[in-house]
Amino acid sequence: MPYTGKVTVGGPADVHELADLMISKAAVGPMNNNAYLLRCRDTGEQLLIDAANDAPALLALIGDDGVRTVVTTHRHGDHWQALEEVVNATGARTAAGREDVEGIPVATDLPLADGDEVEVGRCRLVARHIVGHTPGSVALVYDDPHGHPHVFTGDCLFPGGVGNTFGDAGNFATLLHDVETKLFGELPDETWVYPGHGDDTTLGAERPSLPQWRERGW
């Protein structure tokens, strides 16, 4: 079955098979968070993005091969409820944006700054520091050498808009600026977007709406 990115809490993962990397997307409750398991096809090494909830389901997704790294996209509690249990069960190292480390109640082994790389086997993800939803949110960019880029945006970018800035005009301006410059400004329209909640999108599908987002202020 072709990958659609449509998953439901309690349902099966959807798998996006790339030449060098396999991306398994699963939804966990109760806030319908997305968790992404990345597997290097060459080495079998795995990396998890957002141990959001339901550790048993995430550990089943990870399987017997374990996981080397768990990246938390930002400090909000719905993105790390299962982090401690997953790390204790797997011995994985942890990574998160440097400015959000204090808000995550599991020690961060790899504090990430803008441009830092995180490896999963022979594949590399580049962290982009996106300020506004939280001070230390990170998006993770995988620039597929055999195709278009893929970006895991946490709660910074969704189909239809940027993440929630809770009515703060300054945070909205910063978030929109960082999303425009670091994602839309550097990556092509074909870039596949994997958000922290809900369905996937592409930068090309969202780019025409940027002026509307700026005008409405959210």
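On a predicted model such as this, the values are computed, not experimentally measured, just so you know.

Engineer: Whenever I open this one, the nonpolar core confuses me. Can you help?
Structural biologist: Judged by nonpolar contacts, the single largest core of 21 residues is most densely connected at Leu 21, Ile 23, Leu 38, Leu 47 and Phe 152. For this core, the secondary-structure elements that each account for two or more residues are β2 (21-28), β3 (33-40), β4 (46-49), β8 (117-120), β9 (123-129) and β10 (138-143). If we ignore the near neighbours within four places in the chain, the residues touching Leu 47 are Tyr 36, Leu 37, Leu 38, Val 67, Thr 69, Val 71, Val 118, Glu 119, Val 120 and Leu 125. Core analysis: the second largest hydrophobic core is formed by 20 residues, Ala 51, Leu 58, Val 70 and Val 86 among them.

Engineer: In this structure, what is going on with the sheet that holds strand β11 (residues 149-154)? I would like to understand it.
Structural biologist: Adjacent strands of a sheet pair through backbone hydrogen bonds, lying either parallel or antiparallel. What the 6 strands build is an open sheet, ordered β8-β9-β10-β11-β14-β15; its pairing is mixed. Of all strands in the sheet, those bounded by a partner on one side alone are β8 and β15 (201-202). Bridge count for β8 against β9 is 4 bridges, and the pairing is antiparallel. The residue bridging Val 120 from the neighbouring strand is Cys 123, located in β9. Set on the sheet, helix α3 (residues 169-184) makes contact with β9, β10 and β11; between it and β9 the angle comes to about 150 degrees.

About the cut-offs
- In this convention, every chain numbers its residues from 1, walking through the sequence in written order.
- Only residues with pLDDT of 70 or above have their local features reported here, since the model is predicted, and side-chain atom pairs are shown and tallied only from 80 upward, although totals for entire chains, interfaces and linings are computed over all residues.
- Working from all heavy atoms in the structure, the side-chain values ignore hydrogens and water.
- Put simply, a nonpolar core is a bunch of buried Ala, Val, Leu, Ile, Met, Phe, Trp, Tyr and Cys residues held in one set by side-chain atoms that sit within 4.5 Å of each other.
- Relative accessibility thresholds used throughout: buried, under 20% of the residue-type maximum; exposed, over 50%; partly exposed, between the two (1.4 Å probe, protein chains only).
- Segments assigned H or I by DSSP are reported as helices when at least four residues long, segments assigned E as strands when at least two residues long, and all are numbered from the N terminus.
- Note on definitions: a residue-residue contact is assigned when non-hydrogen atoms from the two residues lie within 4.5 Å.
- The criterion for strand pairing is that DSSP finds at least two bridges linking the strands in question.
- Where helices are involved, their axes are fitted lines through C-alpha atoms of the stretch in contact, as for all axes, and angles between N-to-C directions lie from 0 to 180°.

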